[in-house]
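# Per-entry structural report
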Amino acid sequence: MRTITSQHISNPQEFKVQLLQWSQQFDEVVWLDSNDYDDTYASYDAVLAVEALTIFQTDSFQVFDQLKEYQSTTKDWLFGYLSYDLKNDTEDLTSNNYDGLDFPELFFFQPKKLFILRGNKLETHYLHFVADELSADLNAIESIQKSLKSETEDKQIRIKLRIHKDDYFDKVKAMLAHIHRGDIYEANFCQEFYAEESTINPLETYNKLNFISNPPFATFLRIYDKYLMSASPERYIKKEGLKITSQPIKGTAKRSIDANEDQQLKKALSEDIKERSENVMIVDLVRNDLSRTATKGSVKVEELCKVYSFDQVHQMISTVSSTIDASTHPVDVIRTTFPMGSMTGAPKISAMKIIEELEETKRGLYSGAVGYFTPESDFDFNVVIRSILYNETNNYISYSVGGAITAKSDPLKEYEECLIKAKAMREVLEN
């Protein structure tokens, strides 16, 4: 079905810039870049999928059943996303908050052309009927100017808050009241920052965001007039053979340009009782979710509350794994773990109900997942956080940030943590 070729790339960093620039001619684009991060679970350094042969897009009910059928029938590479609000397909939940972005709930496509980078090796996977276009495509890619320099005029973008500071404090206090009553132990509460009647150059915006953040799960996604530019540091879930791996993040600290202070901030995060308790609660939730498809006794915590450093922040990450039977469908693993625990709370369903009551914006693709299925039914998906979303037709730009609210939460500190997480997106948009 696909013609696979391999070639040596002398300068992978330059080639990545050219490849992403070349992809802008297509209506369906998914670009995933690890930014050479030392991720022992990564399969590739970077992947580009473009130009759909087939598409699965839906907002209807029984979405996961339809995705299961599409994946089983196609048995090919599939790239796309799952929005947070697919929670309504797995549980008796609703999403009635304001949506300025209007992304489909789910979108996957089977690409005609696929590029996979591992070090200096480029693999191309072209469907047979477009294989004769490869030589011309590579020539076109290599002839592109190797520059990240802005080619558009900077336009003033005015960022607005969907929830103002005092209202944020009131909502966090309401969340704490639920916790003190015993309705929930923890919930991820998010707020939106947005700009109306505004335009951006999506590729330049992505390049700036990626340059500032340099994350392991960077994503550029285009679906016609809708764009995602993501600097996500978090893996949602990966399937490789019969092994499932999830890596929830809970716990954030700012970076410092002073090396000694930076190490102190990292150490303080690793020893912070509140942050560790947040992380452990979500690890328990992920263990429970994975156990729904795991073989008996196979769920393991491989790493608990380890602090990793990224360009913008320090993050506390845990790694949970399981083993599934060969008969378990890959979509069922996603269905039983989605939405990811780090973006919901515990207990999960109660937390999602309270989140819906207190948040002002429909999350949509934010806190959903972008990734791919392989022809062998493996998959890898990130968590859509630290991301800018853009509806070009509506001239609407959005980014959201959130944090885990627990019994020990201080509303002011939670608000300050949100601003730390929002820093890179705001810098990019406001130049």
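Residues numbered from 1 in each chain as written. Predicted model: local features only at pLDDT ≥ 70, side-chain atom pairs only at ≥ 80, totals over all residues. Heavy atoms only, no water.

## Concerning the pattern of salt bridges
Pairing is possible between side chains that carry opposite charge, provided their charged atoms lie close to one another. This structure, assessed with the given rule, holds 35 salt bridges. For the salt bridge of arginine 181 with aspartate 183, the shortest nitrogen-to-oxygen distance reads 3.3 Å. Exposure remark for arginine 181: the relative accessible area of 56% places this residue in the exposed category. Exposure remark for aspartate 183: the relative accessible area of 31% places this residue in the partly exposed category. In this structure, lysine 274 and glutamate 278 form a salt bridge, with 2.2 Å as the shortest nitrogen-oxygen distance. Taken together, the positions of lysine 274 and glutamate 278, both in helix H8 (residues 273–291) and four residues apart, correspond to about one turn of that helix. The same class applies to lysine 274 as to glutamate 278, namely buried. When salt bridges that share partners are traced, they join Glu51, Lys112, Lys113, Glu133 and Asp137 into one network. (Salt bridge = Lys/Arg side-chain N within 4 Å of Asp/Glu carboxyl O. Buried < 20%, exposed > 50% of the residue type's maximum accessible area, 1.4 Å probe, protein only. Helix = DSSP H or I, 4+ residues; strand = E, 2+ residues; numbered from the N terminus.)

## Digging into the layout of surface pockets
Sizing a probe to match a water molecule and rolling it over the atoms shows the empty space that remains. In this structure, the largest pocket occupies an estimated 420 Å³ of space. As for the largest pocket, its lining consists of 17 residues, and the residues nearest its centre are Thr252, Asp272, Glu275, Lys413 and Glu417. Examining the composition of the lining of the largest pocket, we find that five residues originate from one element, helix H11 (residues 411–430), more than from any other. For the lining of the largest pocket, the per-class residue count stands at five nonpolar, two polar and 10 charged. (1 Å grid on protein atoms, 1.4 Å probe; cavity = no way out; pocket = protein on both sides within 12 Å on 5 of 7 lines; lining within 4 Å. Points joined across faces, edges and corners; volume = space filled by probe spheres on them. Nonpolar A, V, L, I, M, F, W, Y, C, P; charged D, E, K, R; others polar.)

## A look at empty space enclosed by the protein
Here the structure, examined in full by the defined rule, presents eight cavities of 30 Å³ or more. Approximately 220 Å³ is the volume found for the largest cavity. At the level of secondary structure, the elements contributing two or more residues to the lining of the largest cavity comprise strand E2 (28–33), strand E3 (46–58), strand E9 (217–223), strand E17 (369–373) and strand E18 (379–382). Counted by class, the lining of the largest cavity contains 11 nonpolar, five polar and five charged residues. For the second largest cavity, the calculated volume is near 170 Å³. As for the second largest cavity, its lining consists of 21 residues, and the residues nearest its centre are Lys250, Ile385, Arg386, Gly402 and Lys421. With five residues, strand E20 (residues 396–405) is the largest single contributor of residues to the lining of the second largest cavity.

## Side note on helix H5 (residues 165–181)
Over its 17 residues, H5 extends 24 Å from the first C-alpha to the last, a length consistent with the 24 Å expected when each residue adds 1.5 Å. Where H5 is concerned, the buried positions are Tyr168, Phe169, Lys171, Val172, Met175, Leu176, His178 and Ile179. The inward-facing, buried residues of H5 abut strand E8 (186–195), helix H10 (348–358), E20 and H11. (Expected span 1.5 Å × (residues − 1). Contact = heavy atoms within 4.5 Å.)

## A few points about unusual backbone geometry
Across the chain, the bulk of peptide bonds are trans and the bulk of non-glycine residues have phi less than zero. With an omega of -5°, the peptide bond running from phenylalanine 338 to proline 339 counts as cis. That bond from alanine 346 to proline 347 is cis: its omega, -15°, falls within 30 degrees of zero. Residue position: proline 347 is located in the loop between strand E16 (345–346) and H10. Even without glycine at this site, aspartate 36 takes up a positive phi of about 60°. Position of aspartate 36 relative to the elements: it lies in the loop between E2 and E3. Even without a glycine there, the phi angle at glutamate 51 is positive, about 65°.

## As for the packing of helix H1 (residues 12–22) against helix H4 (residues 134–142)
Packing of H1 against H4 leaves a shortest axis separation of 8 Å and a crossing angle of 115°. Accordingly, the angle class assigned to the pair H1 and H4 is roughly perpendicular. Here H1 runs over H4; the crossing is right-handed. Contact residues: H1 offers Phe15, Gln18, Leu19 and Trp22, while H4 offers Asp137, Leu138, Ala140, Ile141 and Glu142. In the contact of H1 with H4, the residues fall into six nonpolar, one polar and two charged. (Axes fitted to C-alpha atoms, helices over the stretch in contact; angles between N-to-C directions. Parallel < 35°, antiparallel > 145°, perpendicular 65-115°, else oblique. Left-handed = near helix turned anticlockwise from the far one by under 90°.)

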